[in-house]
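# Structural overview
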Amino acid sequence: MSRSAHPAGPRHADVWPEGHYSAPPADLNALDPKVWAQTVTRTGTGEVSVGGIGVAALAEEFGTPAYFVDETDFRARARAWRTAFGHDADVFYAGKAFLSRTIVRWLHEEGLNLDVCSGGELTTALSAGMPADRIAFHGNNKSTDEITQAIESGVGRIVLDSFQEIVRVAHIAQSLGKRQRVQIRVTVGVEAHTHEFIATAHEDQKFGIALADGQAAEAVRRALTLDGLELIGIHSHIGSQIFDMAGFEVAARRVVALLAEIRDEHGVELPEIDLGGGLGIAYTSDDDPREPHEIAKALDEIVTRECESAKLRTPRISVEPGRAIVGPTAFTLYEVGTIKPLEGLRTYVSVDGGMSDNIRTALYDAEYSVALVSRTSDAEPMLVRVVGKHCESGDIVVKDAFLPSDLAPGDLIAVPATGAYCRSMASNYNHALRPPVVAVRDGEARVIVRRETEEDLLRLDVG
Ligand code: LLP
(Lines give C-alpha, C1' and ligand atoms only; values in the text may rest on other atoms or scores of the structure.)
Protein backbone atom coordinates (compact mmCIF):
# COMPACT_ATOMS: atom_id res chain seq x y z
CA MET A 1 0.00 0.00 0.00
CA SER A 2 1.38 3.43 -0.85
CA ARG A 3 2.09 5.92 1.86
CA SER A 4 -0.45 8.38 0.54
CA ALA A 5 -3.21 5.81 1.02
CA HIS A 6 -2.82 6.02 4.80
CA PRO A 7 -4.68 8.63 6.76
CA ALA A 8 -2.52 10.91 8.82
CA GLY A 9 -2.25 9.51 12.32
CA PRO A 10 -2.68 11.66 15.36
CA ARG A 11 0.28 10.19 17.22
CA HIS A 12 2.65 10.10 14.31
CA ALA A 13 4.11 12.20 11.54
CA ASP A 14 1.87 13.13 8.62
CA VAL A 15 3.00 10.10 6.69
CA TRP A 16 2.79 6.53 7.95
CA PRO A 17 6.07 4.70 7.60
CA GLU A 18 6.51 1.79 5.22
CA GLY A 19 5.08 -1.49 6.43
CA HIS A 20 2.75 -4.41 5.71
CA TYR A 21 -0.33 -2.76 7.08
CA SER A 22 -3.47 -1.43 5.44
CA ALA A 23 -5.16 1.69 6.76
CA PRO A 24 -6.35 1.43 10.37
CA PRO A 25 -9.65 -0.42 10.64
CA ALA A 26 -12.75 1.74 11.01
CA ASP A 27 -13.40 0.23 14.45
CA LEU A 28 -10.43 -0.97 16.48
CA ASN A 29 -12.77 -2.75 18.89
CA ALA A 30 -14.32 -4.93 16.18
CA LEU A 31 -13.24 -8.58 16.01
CA ASP A 32 -13.19 -9.87 12.44
CA PRO A 33 -14.71 -13.38 12.52
CA LYS A 34 -12.35 -14.35 9.71
CA VAL A 35 -9.38 -14.26 12.08
CA TRP A 36 -10.93 -14.97 15.48
CA ALA A 37 -12.19 -18.33 16.71
CA GLN A 38 -15.91 -18.98 16.52
CA THR A 39 -16.94 -18.27 20.11
CA VAL A 40 -14.72 -15.21 20.59
CA THR A 41 -16.84 -12.16 21.23
CA ARG A 42 -16.91 -8.89 23.17
CA THR A 43 -19.08 -8.99 26.24
CA GLY A 44 -21.24 -6.12 27.47
CA THR A 45 -18.34 -4.71 29.47
CA GLY A 46 -16.12 -4.55 26.39
CA GLU A 47 -13.90 -7.38 27.50
CA VAL A 48 -13.33 -10.22 25.04
CA SER A 49 -14.42 -13.73 25.94
CA VAL A 50 -13.94 -17.17 24.45
CA GLY A 51 -16.20 -20.13 25.17
CA GLY A 52 -18.08 -17.82 27.51
CA ILE A 53 -15.09 -16.91 29.70
CA GLY A 54 -13.58 -13.43 29.81
CA VAL A 55 -9.90 -12.96 29.09
CA ALA A 56 -9.23 -11.27 32.44
CA ALA A 57 -10.41 -14.36 34.30
CA LEU A 58 -8.42 -16.58 31.94
CA ALA A 59 -5.27 -14.51 32.49
CA GLU A 60 -5.86 -14.58 36.23
CA GLU A 61 -6.25 -18.34 36.33
CA PHE A 62 -3.70 -19.46 33.72
CA GLY A 63 -1.28 -16.54 33.46
CA THR A 64 0.15 -14.98 30.32
CA PRO A 65 1.39 -15.61 27.76
CA ALA A 66 -0.96 -18.50 27.06
CA TYR A 67 -2.67 -20.05 24.06
CA PHE A 68 -6.44 -20.46 24.34
CA VAL A 69 -8.05 -22.94 21.98
CA ASP A 70 -11.76 -22.80 21.26
CA GLU A 71 -12.85 -26.43 21.42
CA THR A 72 -16.20 -25.75 19.76
CA ASP A 73 -14.44 -24.15 16.82
CA PHE A 74 -11.85 -26.91 16.54
CA ARG A 75 -14.50 -29.59 16.47
CA ALA A 76 -16.61 -27.62 13.98
CA ARG A 77 -13.66 -27.20 11.62
CA ALA A 78 -12.63 -30.84 11.92
CA ARG A 79 -16.21 -31.88 11.21
CA ALA A 80 -16.50 -29.47 8.27
CA TRP A 81 -13.46 -31.10 6.65
CA ARG A 82 -14.77 -34.57 7.42
CA THR A 83 -18.20 -33.81 5.99
CA ALA A 84 -16.84 -32.00 2.94
CA PHE A 85 -14.76 -34.99 1.94
CA GLY A 86 -17.49 -37.53 2.69
CA HIS A 87 -17.07 -41.28 2.88
CA ASP A 88 -15.08 -41.71 -0.31
CA ALA A 89 -12.14 -39.69 0.97
CA ASP A 90 -10.04 -39.43 4.10
CA VAL A 91 -8.95 -36.42 6.09
CA PHE A 92 -5.64 -36.76 7.92
CA TYR A 93 -5.05 -33.91 10.35
CA ALA A 94 -1.38 -32.88 10.13
CA GLY A 95 -0.19 -33.20 13.72
CA LYS A 96 2.86 -30.99 13.15
CA ALA A 97 0.56 -27.94 13.21
CA PHE A 98 -0.27 -28.70 16.85
CA LEU A 99 -0.59 -32.00 18.63
CA SER A 100 -1.52 -33.00 22.13
CA ARG A 101 -3.40 -35.93 23.55
CA THR A 102 -6.59 -33.93 23.89
CA ILE A 103 -6.35 -32.89 20.24
CA VAL A 104 -5.91 -36.54 19.28
CA ARG A 105 -9.06 -37.45 21.23
CA TRP A 106 -11.07 -34.68 19.56
CA LEU A 107 -9.88 -35.82 16.14
CA HIS A 108 -10.76 -39.41 16.90
CA GLU A 109 -14.21 -38.43 18.11
CA GLU A 110 -14.79 -36.32 15.01
CA GLY A 111 -13.77 -39.19 12.69
CA LEU A 112 -10.50 -37.77 11.37
CA ASN A 113 -7.26 -39.59 10.73
CA LEU A 114 -3.85 -38.34 11.70
CA ASP A 115 -0.59 -37.56 9.91
CA VAL A 116 2.50 -37.79 12.13
CA CYS A 117 6.09 -37.12 11.19
CA SER A 118 8.17 -38.27 14.16
CA GLY A 119 8.35 -40.94 16.82
CA GLY A 120 7.23 -38.29 19.33
CA GLU A 121 4.08 -37.47 17.40
CA LEU A 122 3.37 -41.17 16.88
CA THR A 123 3.76 -41.91 20.58
CA THR A 124 1.46 -39.01 21.47
CA ALA A 125 -1.16 -40.24 19.02
CA LEU A 126 -1.05 -43.85 20.16
CA SER A 127 -1.03 -42.92 23.84
CA ALA A 128 -4.27 -40.98 23.34
CA GLY A 129 -5.98 -43.90 21.67
CA MET A 130 -5.80 -43.06 17.98
CA PRO A 131 -6.10 -46.42 16.20
CA ALA A 132 -2.77 -47.09 14.47
CA ASP A 133 -4.41 -47.95 11.17
CA ARG A 134 -5.72 -44.37 10.99
CA ILE A 135 -2.24 -42.92 11.23
CA ALA A 136 0.04 -41.97 8.33
CA PHE A 137 3.75 -41.72 9.04
CA HIS A 138 5.75 -39.03 7.22
CA GLY A 139 9.26 -37.61 7.17
CA ASN A 140 12.18 -37.24 4.82
CA ASN A 141 14.67 -38.99 7.13
CA LYS A 142 12.82 -41.37 9.40
CA SER A 143 15.17 -43.19 11.71
CA THR A 144 15.37 -46.95 11.90
CA ASP A 145 13.77 -46.74 15.35
CA GLU A 146 10.93 -44.62 14.04
CA ILE A 147 10.29 -46.95 11.11
CA THR A 148 10.35 -49.95 13.43
CA GLN A 149 7.99 -48.26 15.90
CA ALA A 150 5.62 -47.31 13.07
CA ILE A 151 5.53 -50.79 11.55
CA GLU A 152 5.29 -52.60 14.89
CA SER A 153 2.41 -50.41 16.00
CA GLY A 154 0.60 -51.09 12.72
CA VAL A 155 0.32 -47.63 11.18
CA GLY A 156 -2.04 -47.45 8.22
CA ARG A 157 0.62 -46.13 5.89
CA ILE A 158 4.18 -44.96 5.72
CA VAL A 159 4.86 -42.28 3.16
CA LEU A 160 8.18 -43.10 1.50
CA ASP A 161 10.36 -40.12 0.72
CA SER A 162 13.57 -41.43 -0.87
CA PHE A 163 15.10 -44.41 -2.67
CA GLN A 164 17.03 -45.39 0.46
CA GLU A 165 13.86 -45.35 2.49
CA ILE A 166 12.05 -47.67 0.08
CA VAL A 167 14.66 -50.30 0.78
CA ARG A 168 14.92 -49.50 4.49
CA VAL A 169 11.19 -49.76 5.17
CA ALA A 170 10.88 -52.92 3.07
CA HIS A 171 13.75 -54.49 4.93
CA ILE A 172 12.44 -53.62 8.40
CA ALA A 173 8.91 -54.74 7.53
CA GLN A 174 10.18 -58.02 6.24
CA SER A 175 12.35 -58.62 9.28
CA LEU A 176 9.25 -58.04 11.43
CA GLY A 177 7.32 -60.48 9.28
CA LYS A 178 5.00 -57.74 8.02
CA ARG A 179 3.91 -56.21 4.75
CA GLN A 180 3.66 -52.44 5.24
CA ARG A 181 1.17 -50.32 3.35
CA VAL A 182 3.06 -47.41 1.79
CA GLN A 183 2.64 -44.42 -0.46
CA ILE A 184 5.44 -42.76 -2.41
CA ARG A 185 5.78 -39.01 -2.01
CA VAL A 186 6.48 -37.32 -5.31
CA THR A 187 7.46 -33.75 -6.09
CA VAL A 188 5.30 -32.60 -8.91
CA GLY A 189 7.36 -29.56 -9.93
CA VAL A 190 4.85 -26.88 -8.90
CA GLU A 191 6.05 -23.51 -7.62
CA ALA A 192 3.54 -22.91 -4.84
CA HIS A 193 2.77 -19.25 -4.20
CA THR A 194 3.92 -19.06 -0.62
CA HIS A 195 7.03 -18.35 1.40
CA GLU A 196 10.11 -20.17 0.06
CA PHE A 197 10.61 -22.07 3.33
CA ILE A 198 7.15 -23.61 3.26
CA ALA A 199 6.93 -24.47 -0.46
CA THR A 200 7.59 -28.16 -1.05
CA ALA A 201 6.78 -29.22 -4.60
CA HIS A 202 9.39 -27.41 -6.67
CA GLU A 203 12.29 -29.63 -7.58
CA ASP A 204 15.15 -27.96 -5.70
CA GLN A 205 14.26 -29.06 -2.14
CA LYS A 206 14.61 -32.00 0.18
CA PHE A 207 11.19 -33.67 0.09
CA GLY A 208 9.91 -36.47 -2.07
CA ILE A 209 11.03 -38.02 -5.33
CA ALA A 210 10.80 -35.97 -8.50
CA LEU A 211 8.29 -36.89 -11.19
CA ALA A 212 10.69 -35.31 -13.65
CA ASP A 213 13.26 -37.57 -15.32
CA GLY A 214 11.22 -40.66 -14.47
CA GLN A 215 12.54 -40.74 -10.88
CA ALA A 216 9.12 -41.36 -9.35
CA ALA A 217 8.31 -44.04 -11.92
CA GLU A 218 11.60 -45.74 -10.99
CA ALA A 219 10.70 -45.53 -7.28
CA VAL A 220 7.37 -47.22 -8.03
CA ARG A 221 9.15 -49.92 -10.03
CA ARG A 222 11.40 -50.68 -7.05
CA ALA A 223 8.64 -50.56 -4.45
CA LEU A 224 6.51 -52.99 -6.45
CA THR A 225 9.25 -55.59 -6.41
CA LEU A 226 9.78 -55.60 -2.65
CA ASP A 227 7.87 -58.16 -0.57
CA GLY A 228 7.84 -56.03 2.58
CA LEU A 229 5.83 -53.28 0.88
CA GLU A 230 2.26 -52.95 -0.30
CA LEU A 231 2.22 -49.88 -2.51
CA ILE A 232 -1.22 -48.29 -2.11
CA GLY A 233 -0.75 -44.88 -3.65
CA ILE A 234 1.05 -41.69 -4.54
CA HIS A 235 1.43 -38.69 -2.27
CA SER A 236 1.99 -35.01 -3.07
CA HIS A 237 2.21 -32.02 -0.75
CA ILE A 238 2.91 -28.76 -2.53
CA GLY A 239 3.48 -26.39 0.40
CA SER A 240 1.69 -24.37 3.05
CA GLN A 241 -0.49 -21.28 3.47
CA ILE A 242 -1.70 -21.54 -0.13
CA PHE A 243 -4.91 -19.84 -1.30
CA ASP A 244 -4.79 -20.54 -4.99
CA MET A 245 -6.18 -23.94 -6.07
CA ALA A 246 -4.15 -23.88 -9.31
CA GLY A 247 -1.13 -25.58 -7.71
CA PHE A 248 -3.34 -28.40 -6.38
CA GLU A 249 -4.87 -28.80 -9.84
CA VAL A 250 -1.49 -29.22 -11.48
CA ALA A 251 -0.41 -31.62 -8.73
CA ALA A 252 -3.56 -33.71 -9.08
CA ARG A 253 -3.16 -33.83 -12.85
CA ARG A 254 0.46 -34.96 -12.63
CA VAL A 255 -0.23 -37.54 -9.92
CA VAL A 256 -3.07 -39.04 -11.97
CA ALA A 257 -0.79 -39.09 -15.03
CA LEU A 258 1.69 -41.14 -12.98
CA LEU A 259 -1.10 -43.54 -11.96
CA ALA A 260 -1.88 -44.02 -15.66
CA GLU A 261 1.80 -44.66 -16.41
CA ILE A 262 1.92 -47.22 -13.59
CA ARG A 263 -1.18 -48.95 -14.93
CA ASP A 264 0.32 -49.07 -18.42
CA GLU A 265 3.69 -50.40 -17.25
CA HIS A 266 2.69 -52.74 -14.43
CA GLY A 267 -0.98 -53.47 -15.03
CA VAL A 268 -1.69 -52.15 -11.52
CA GLU A 269 -4.18 -49.40 -10.65
CA LEU A 270 -3.03 -47.89 -7.36
CA PRO A 271 -6.12 -47.33 -5.22
CA GLU A 272 -5.19 -44.09 -3.40
CA ILE A 273 -3.78 -40.63 -3.88
CA ASP A 274 -2.98 -38.10 -1.18
CA LEU A 275 -2.88 -34.45 -2.13
CA GLY A 276 -1.35 -33.23 1.14
CA GLY A 277 -2.27 -30.18 3.14
CA GLY A 278 -1.31 -26.57 2.81
CA LEU A 279 -4.60 -24.72 2.61
CA GLY A 280 -4.26 -21.13 3.76
CA ILE A 281 -6.08 -19.44 6.62
CA ALA A 282 -6.83 -15.79 7.41
CA TYR A 283 -4.16 -14.23 9.61
CA THR A 284 -5.41 -10.73 8.79
CA SER A 285 -8.64 -9.39 7.33
CA ASP A 286 -6.93 -9.21 3.92
CA ASP A 287 -6.76 -13.01 3.62
CA ASP A 288 -9.63 -14.91 1.98
CA PRO A 289 -9.36 -18.64 2.61
CA ARG A 290 -11.44 -21.27 0.81
CA GLU A 291 -14.03 -23.31 2.66
CA PRO A 292 -13.42 -27.07 3.01
CA HIS A 293 -16.44 -27.92 0.84
CA GLU A 294 -15.12 -25.76 -2.02
CA ILE A 295 -11.71 -27.39 -1.73
CA ALA A 296 -13.22 -30.88 -1.65
CA LYS A 297 -15.36 -30.15 -4.67
CA ALA A 298 -12.48 -28.68 -6.65
CA LEU A 299 -10.15 -31.60 -5.89
CA ASP A 300 -12.83 -34.19 -6.56
CA GLU A 301 -13.66 -32.62 -9.93
CA ILE A 302 -10.05 -32.47 -11.08
CA VAL A 303 -9.26 -36.03 -10.05
CA THR A 304 -12.48 -37.44 -11.51
CA ARG A 305 -11.97 -35.59 -14.79
CA GLU A 306 -8.34 -36.62 -15.12
CA CYS A 307 -9.14 -40.23 -14.27
CA GLU A 308 -11.95 -40.34 -16.81
CA SER A 309 -9.71 -39.09 -19.54
CA ALA A 310 -6.98 -41.59 -18.57
CA LYS A 311 -9.61 -44.36 -18.25
CA LEU A 312 -8.60 -45.04 -14.67
CA ARG A 313 -10.82 -45.97 -11.74
CA THR A 314 -11.02 -42.88 -9.52
CA PRO A 315 -8.68 -43.49 -6.58
CA ARG A 316 -9.64 -42.79 -2.99
CA ILE A 317 -8.45 -39.26 -2.20
CA SER A 318 -6.94 -38.15 1.06
CA VAL A 319 -5.86 -34.71 2.26
CA GLU A 320 -3.77 -33.54 5.20
CA PRO A 321 -4.89 -30.16 6.48
CA GLY A 322 -3.15 -28.97 9.63
CA ARG A 323 -3.24 -25.21 9.78
CA ALA A 324 -6.70 -24.99 8.19
CA ILE A 325 -8.18 -26.97 11.09
CA VAL A 326 -6.30 -25.76 14.16
CA GLY A 327 -4.88 -22.41 13.06
CA PRO A 328 -7.95 -20.20 13.43
CA THR A 329 -9.15 -21.91 16.61
CA ALA A 330 -6.66 -20.36 19.05
CA PHE A 331 -5.28 -17.00 20.09
CA THR A 332 -2.30 -16.06 22.21
CA LEU A 333 -3.01 -13.83 25.18
CA TYR A 334 -0.25 -11.46 26.29
CA GLU A 335 0.08 -8.76 28.88
CA VAL A 336 1.52 -5.45 27.75
CA GLY A 337 4.71 -4.64 29.63
CA THR A 338 6.28 -1.54 28.09
CA ILE A 339 5.28 0.93 25.41
CA LYS A 340 7.85 2.98 23.48
CA PRO A 341 6.62 5.57 20.98
CA LEU A 342 9.28 6.33 18.35
CA GLU A 343 8.34 9.65 16.85
CA GLY A 344 7.62 9.46 13.11
CA LEU A 345 8.08 5.70 13.08
CA ARG A 346 5.86 3.50 15.17
CA THR A 347 5.19 2.51 18.75
CA TYR A 348 6.89 -0.58 20.11
CA VAL A 349 4.64 -2.57 22.42
CA SER A 350 6.53 -5.21 24.40
CA VAL A 351 4.64 -8.24 25.63
CA ASP A 352 5.54 -11.02 28.04
CA GLY A 353 6.22 -13.61 25.30
CA GLY A 354 7.67 -13.28 21.82
CA MET A 355 9.60 -15.36 19.31
CA SER A 356 9.70 -18.27 21.78
CA ASP A 357 5.92 -18.68 21.50
CA ASN A 358 5.55 -17.48 17.91
CA ILE A 359 8.57 -17.83 15.65
CA ARG A 360 6.56 -17.46 12.46
CA THR A 361 6.97 -13.71 12.09
CA ALA A 362 10.74 -13.91 12.41
CA LEU A 363 11.02 -17.03 10.29
CA TYR A 364 8.56 -16.40 7.45
CA ASP A 365 7.82 -12.70 7.72
CA ALA A 366 4.31 -13.86 8.65
CA GLU A 367 1.58 -11.31 9.21
CA TYR A 368 -0.70 -11.34 12.22
CA SER A 369 -3.49 -9.23 13.64
CA VAL A 370 -3.74 -8.02 17.22
CA ALA A 371 -6.44 -6.52 19.42
CA LEU A 372 -6.81 -4.96 22.83
CA VAL A 373 -9.00 -7.52 24.57
CA SER A 374 -9.24 -6.59 28.24
CA ARG A 375 -11.39 -3.54 27.43
CA THR A 376 -12.64 -1.43 24.57
CA SER A 377 -11.19 1.94 23.71
CA ASP A 378 -12.34 4.92 21.71
CA ALA A 379 -8.83 6.36 21.49
CA GLU A 380 -7.27 7.10 18.11
CA PRO A 381 -5.40 4.27 16.38
CA MET A 382 -1.65 4.14 16.74
CA LEU A 383 0.65 2.16 14.52
CA VAL A 384 2.37 -0.49 16.62
CA ARG A 385 4.91 -3.24 16.36
CA VAL A 386 4.24 -5.93 18.94
CA VAL A 387 7.54 -7.33 20.13
CA GLY A 388 8.59 -9.89 22.68
CA LYS A 389 11.03 -9.93 25.56
CA HIS A 390 13.86 -11.81 23.88
CA CYS A 391 17.36 -10.55 23.33
CA GLU A 392 17.22 -9.71 19.68
CA SER A 393 15.57 -7.14 17.51
CA GLY A 394 14.00 -9.72 15.19
CA ASP A 395 11.84 -10.77 18.14
CA ILE A 396 8.65 -9.50 16.53
CA VAL A 397 5.20 -10.99 17.05
CA VAL A 398 3.12 -8.59 14.94
CA LYS A 399 5.08 -6.48 12.54
CA ASP A 400 2.61 -3.71 11.81
CA ALA A 401 -0.83 -3.27 13.26
CA PHE A 402 -3.01 -0.69 14.96
CA LEU A 403 -3.94 -0.54 18.61
CA PRO A 404 -5.66 2.27 20.50
CA SER A 405 -3.31 5.07 21.53
CA ASP A 406 -4.37 4.85 25.19
CA LEU A 407 -2.87 1.35 25.45
CA ALA A 408 -1.17 0.97 28.81
CA PRO A 409 1.05 -1.51 30.64
CA GLY A 410 -1.13 -4.18 32.18
CA ASP A 411 -3.60 -4.23 29.29
CA LEU A 412 -4.22 -7.63 27.75
CA ILE A 413 -3.78 -7.96 24.02
CA ALA A 414 -4.40 -11.05 21.92
CA VAL A 415 -3.01 -12.30 18.64
CA PRO A 416 -5.54 -14.47 16.78
CA ALA A 417 -4.94 -17.44 14.46
CA THR A 418 -2.03 -18.83 16.48
CA GLY A 419 -3.34 -22.39 16.73
CA ALA A 420 -0.97 -23.75 14.09
CA TYR A 421 2.82 -23.82 14.21
CA CYS A 422 3.11 -21.60 17.28
CA ARG A 423 3.09 -23.91 20.31
CA SER A 424 4.43 -26.69 18.08
CA MET A 425 7.43 -24.53 17.11
CA ALA A 426 7.83 -22.87 20.49
CA SER A 427 11.31 -22.80 22.00
CA ASN A 428 13.08 -22.18 25.27
CA TYR A 429 15.19 -19.36 23.83
CA ASN A 430 16.56 -17.25 26.69
CA HIS A 431 15.23 -20.03 28.92
CA ALA A 432 11.71 -18.84 28.31
CA LEU A 433 9.08 -21.17 29.71
CA ARG A 434 6.82 -22.42 26.96
CA PRO A 435 3.24 -21.23 27.53
CA PRO A 436 0.33 -23.53 28.30
CA VAL A 437 -2.45 -24.45 25.92
CA VAL A 438 -5.85 -24.06 27.51
CA ALA A 439 -9.01 -25.48 25.94
CA VAL A 440 -12.14 -23.46 26.49
CA ARG A 441 -15.69 -24.60 25.90
CA ASP A 442 -19.12 -23.73 27.27
CA GLY A 443 -17.87 -21.76 30.24
CA GLU A 444 -15.16 -24.25 31.19
CA ALA A 445 -11.43 -23.89 30.69
CA ARG A 446 -8.88 -26.63 31.19
CA VAL A 447 -5.18 -26.89 30.61
CA ILE A 448 -4.37 -29.40 27.89
CA VAL A 449 -0.63 -28.67 27.78
CA ARG A 450 0.69 -27.17 30.99
CA ARG A 451 3.06 -24.24 31.25
CA GLU A 452 6.70 -25.19 31.44
CA THR A 453 8.36 -24.50 34.76
CA GLU A 454 11.86 -23.66 35.82
CA GLU A 455 11.99 -27.15 37.36
CA ASP A 456 11.38 -28.54 33.85
CA LEU A 457 14.39 -26.59 32.61
CA LEU A 458 16.57 -27.76 35.45
CA ARG A 459 15.44 -31.36 35.05
CA LEU A 460 16.96 -31.47 31.57
CA ASP A 461 20.11 -29.69 32.67
CA VAL A 462 21.89 -32.63 34.24
CA GLY A 463 25.38 -31.10 34.44
N1 LLP B 1 1.22 -32.87 4.88
C2 LLP B 1 2.55 -32.80 4.79
C3 LLP B 1 3.28 -33.89 4.17
C4 LLP B 1 3.24 -31.69 5.30
O5 LLP B 1 4.55 -31.62 5.20
C6 LLP B 1 2.50 -30.65 5.90
C7 LLP B 1 3.18 -29.47 6.45
C8 LLP B 1 1.12 -30.77 6.00
C9 LLP B 1 0.50 -31.89 5.46
C10 LLP B 1 0.25 -29.74 6.67
O11 LLP B 1 0.33 -28.50 6.08
P12 LLP B 1 -0.71 -27.34 6.54
O13 LLP B 1 -2.08 -27.76 6.08
O14 LLP B 1 -0.66 -27.26 8.01
O15 LLP B 1 -0.19 -26.14 5.86
N16 LLP B 1 5.98 -24.25 9.99
C17 LLP B 1 5.36 -23.73 8.78
C18 LLP B 1 4.57 -24.78 8.08
C19 LLP B 1 5.38 -26.01 7.74
C20 LLP B 1 4.52 -27.06 7.15
C21 LLP B 1 5.22 -28.34 7.01
N22 LLP B 1 4.44 -29.37 6.44
C23 LLP B 1 4.50 -22.54 9.14
O24 LLP B 1 4.47 -22.15 10.29
O25 LLP B 1 3.88 -21.94 8.26
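Residues numbered from 1 in each chain as written. Predicted model: local features only at pLDDT ≥ 70, side-chain atom pairs only at ≥ 80, totals over all residues. Heavy atoms only, no water.

## Remarks on the packing of helix 7 (residues 215-225) against helix 8 (residues 246-266)
- Where helix 7 meets helix 8, the axes come as close as 11 Å, and the angle between the chain directions of the two elements is 50 degrees. By the angle between their directions, the pair helix 7 and helix 8 is classed as oblique. Helix-helix and strand crossings are classified by hand; for helix 7 and helix 8 the assignment is right-handed. Of the residues in helix 8, those in contact with Ala216, Ala217, Val220, Arg221 and Leu224 of helix 7 are Leu258, Glu261, Ile262, Glu265 and His266.
- Grouping the constituent residues of the contact of helix 7 with helix 8 by class yields six nonpolar, one polar and three charged. (Axes fitted to C-alpha atoms, helices over the stretch in contact; angles between N-to-C directions. Helix = DSSP H or I, 4+ residues; strand = E, 2+ residues; numbered from the N terminus. Parallel < 35°, antiparallel > 145°, perpendicular 65-115°, else oblique. Left-handed = near helix turned anticlockwise from the far one by under 90°. Contact = heavy atoms within 4.5 Å. Nonpolar A, V, L, I, M, F, W, Y, C, P; charged D, E, K, R; others polar.)

## Remarks on the packing of aromatic side chains
- All chains considered together, the criterion is met by seven aromatic pairs.
- Judged by centre distance (5.8 Å) and plane angle (40 degrees), the rings of phenylalanine 68 and phenylalanine 331 are tilted. Within this pair, whereas phenylalanine 68 is found in strand 4 (residues 66-70), its partner phenylalanine 331 is found in strand 14 (residues 330-341), the two being separated by 263 residues in sequence. Residue phenylalanine 68 shares its accessibility class with phenylalanine 331, and that shared class is buried.
- Look at phenylalanine 74 and tyrosine 93: their rings are 5.9 Å apart centre to centre, the planes differ by 65 degrees, and that puts the pair in the edge-to-face class. Of the two residues, phenylalanine 74 sits in helix 2 (residues 71-85) while tyrosine 93 sits in strand 5 (residues 89-94), which places them 19 residues apart along the sequence.
- We classify phenylalanine 74 as buried; its relative accessible area is 0%.
- Among the residues examined, tyrosine 93 registers a relative accessible area of 0% and is labelled buried.
- Among the aromatic residues, those joined into a cluster by ring pairs are Trp36, Phe62, Phe68 and Phe331. (Phe/Tyr/Trp six-rings, centres within 6.5 Å; stacked < 30°, edge-to-face > 60°. Buried < 20%, exposed > 50% of the residue type's maximum accessible area, 1.4 Å probe, protein only.)

## Re the site of the ligand
- Close contacts around the ligand come from 19 residues, with Ser240, Glu320, Arg360, Tyr364 and Tyr421 the closest.
- One of the backbone N or O atoms of glycine 322 is found 3.0 Å from an oxygen atom in the ligand.
- Notes on the ligand: free accessible area 580 Å², of which the protein chains cover 91%.
- A per-class count over the shell around the ligand returns six nonpolar, seven polar and six charged.
- There are two domains that each give the shell around the ligand at least three residues, and those are domain 1 (13-70 + 328-460) and domain 2 (138-321). (Near = heavy atom within 4 Å. Polar contact = N/O pair within 3.5 Å; in protein donor to acceptor, adjacent residues only side chain to side chain. Areas by Shrake-Rupley, 256 points an atom, 1.4 Å probe, with all protein chains shown as cover. Domains from an automatic or database assignment.)

## What about the domain arrangement of the protein chain?
- What the domain assignment lists for the protein chain is domain 1 (13-70 + 328-460) and domain 2 (138-321).
- Computed from C-alpha atoms alone, the centre-to-centre distance between domain 1 and domain 2 is 36 Å.
- Between domain 1 and domain 2, the residue contacts involve twelve residues of the former and eleven residues of the latter.
- At the boundary of domain 1 with domain 2, total buried surface from both sides reaches about 1,100 Å², with 53% on carbon and sulfur atoms.
- Close ionic contact of aspartate 288 with lysine 34 constitutes a salt bridge, the shortest N to O distance being 2.9 Å.
- Taken together, domain 1 and domain 2 are joined by six residue pairs in polar contact (both at pLDDT 80 or more). (Buried area = accessible area lost by both parts, 1.4 Å probe. Salt bridge = Lys/Arg side-chain N within 4 Å of Asp/Glu carboxyl O.)

## As for the nonpolar core
- In terms of nonpolar packing, the biggest core is built from 112 residues, with Tyr93, Ile184, Ile234 and Ile413 touching the most fellow members.
- Take this core: its biggest share by element is nine residues, from helix 8.
- Looking at which domains feed residues into this core, each of domain 1 (13-70 + 328-460) and domain 2 (138-321) gives three or more.
- Within the second largest apolar cluster, 23 residues are counted, among which are Val40, Val50, Ile53 and Ala66. (Core = buried A, V, L, I, M, F, W, Y, C linked by side-chain atoms within 4.5 Å.)

## Here's the deal with the pattern of salt bridges
- Scanning the entire structure with this criterion turns up 31 salt bridges.
- For glutamate 71, the salt bridge goes to arginine 75, with nearest N and O atoms at 2.9 Å. A residue pair is termed a helical-turn pair when its members lie 3 or 4 positions apart in one helix, as glutamate 71 and arginine 75 do in helix 2 at four residues.
- Aspartate 264 serves as the salt-bridge partner of arginine 263, at 2.8 Å between the closest nitrogen and oxygen.

## Things to note about the layout of surface pockets
- Roughly 540 Å³ of volume is contained in the second largest pocket.
- Here the lining of the second largest pocket takes five residues from strand 18 (residues 396-404), the largest share from any one element.
- The residue inventory of the lining of the second largest pocket, partitioned by class, reads 15 nonpolar, five polar and six charged. (1 Å grid on protein atoms, 1.4 Å probe; cavity = no way out; pocket = protein on both sides within 12 Å on 5 of 7 lines; lining within 4 Å. Points joined across faces, edges and corners; volume = space filled by probe spheres on them.)

## A look at unusual backbone geometry
- Here the amide bond leading from threonine 64 into proline 65 is cis, since omega sits at -10 degrees, within 30 degrees of zero.
- Among the structural elements, proline 65 can be located in the loop between helix 1 (55-62) and strand 4.
- Phi at glutamine 241 is positive, roughly 55 degrees, even though this residue is not glycine.
- Take glutamine 241: it is sitting in the loop between strand 11 (229-235) and helix 8.
- In this structure, aspartate 365 is a non-glycine residue whose phi angle is positive, near 60 degrees.
- Position of aspartate 365 among the secondary structure elements: in the loop between helix 11 (360-364) and strand 16 (371-372).

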